[in-house]
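Letter by letter, the chains look like this.
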Amino acid sequence: GRRRRPQVDMMDLALERWRDLDEGGDILSKTGGVSLYSGAESDTSYASHGAYEGLRDLYARRGLAHETWTADELSEKFPQFAAADGNTTALFQPDFGVLFATP
């Protein structure tokens, strides 16, 4: 069966609480985030063996906004990744962000 991911529940709850505390917009900055995965056969990293599909499916099950991009789409949206090879898949999640230690 599906593995329970309590850290996702904690993330959702924490994000809601940080938004409540951040009335002035000085603590939390939503930046979006990109996770990169190589589909190259020579890549033996964890990311190439199910991590992408697992995270994408988790986002979908939880109703979390996300987009999957090809290497070309990635370099179009973020030119600094233009060197990504054709086997790269990007998973974008718009709710990634930064918490500032001091406002």
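Structure's up top.
Residues numbered from 1 in each chain as written. Predicted model: local features only at pLDDT ≥ 70, side-chain atom pairs only at ≥ 80, totals over all residues. Heavy atoms only, no water.

Undergrad: Give me the pattern of salt bridges: which residues, what numbers.
TA: One pass over the structure, following the stated rule, counts 4 salt bridges. Among the salt bridges present, the one from R19 reaches D95, with a minimum N-O distance of 3.6 Å. Separated by 76 residues along the polypeptide, R19 in helix 1 (residues 6-21) and D95 in the loop between strand 4 (88-93) and strand 5 (97-99) bring together distant segments of the chain. Residue R19 is classed as partly exposed on the basis of its relative accessible area of 43%. Across the pair K30 and D95 runs a salt bridge whose closest N-O atoms are separated by 3.3 Å. Residue K30 is found in strand 1 (residues 28-30), and its partner D95 is found in the loop between strand 4 and strand 5; the two are separated by 65 residues along the sequence. Look at D95 and you get partly exposed, because its relative accessible area is 26%. When salt bridges with common partners are traced through the structure, they connect R19, K30 and D95 into a single cluster. (Salt bridge = Lys/Arg side-chain N within 4 Å of Asp/Glu carboxyl O. Helix = DSSP H or I, 4+ residues; strand = E, 2+ residues; numbered from the N terminus. Buried < 20%, exposed > 50% of the residue type's maximum accessible area, 1.4 Å probe, protein only.)

Undergrad: How would you explain the side chain of S35 if you had to name every residue and give the values?
TA: The residue S35 is located in strand 2 (residues 33-38) in this model. Classification of S35 as buried rests on a relative accessible area of 18%. Leave out the neighbours within four places in its chain, and S35 touches L55, T89, A90, L91 and F96. (Contact = heavy atoms within 4.5 Å.)

Undergrad: Describe the sheet that holds strand 2, naming the residues involved and giving the relevant values.
TA: Read from one edge of the open sheet, 3 strands run 2-4-3, paired in antiparallel fashion. The open sheet is flanked by strand 2 and strand 3 (67-70), the only strands paired with a single partner. Ignoring which end each strand starts from, the neighbouring axes of this sheet average 25 degrees apart. Pairing analysis gives 6 bridges linking strand 2 to strand 4, with the strands arranged antiparallel. (Pairing = 2+ DSSP bridges. Axes fitted to C-alpha atoms, helices over the stretch in contact; angles between N-to-C directions.)

Undergrad: Explain the nonpolar core to me, using residue names and the numbers behind them.
TA: Counting 8 residues, the largest nonpolar core is built from V8, Y37, A51, Y52, L58, Y59, L64 and L91. Looking at this core element by element, the count peaks at 4 residues for helix 2 (residues 51-62). (Core = buried A, V, L, I, M, F, W, Y, C linked by side-chain atoms within 4.5 Å.)

Undergrad: Any chance you could break down helix 2 for me, citing the residues and the numbers?
TA: Its 12 residues give helix 2 an end-to-end C-alpha distance of 16 Å, which sits within 8% of 16 Å, the value for a rise of 1.5 Å per residue. Among the residues making up helix 2, those that are buried are A51, Y52, L58 and Y59. Projected down its long axis, helix 2 carries its buried residues within an arc of 135 degrees, all on one side. Buried residues along helix 2 sit in contact with helix 1, strand 2, strand 3 and strand 4. With its phi angle positive at about 70 degrees, G63 sits one or two positions after the end of helix 2. (Expected span 1.5 Å × (residues − 1). Arc of directions from axis to C-beta.)

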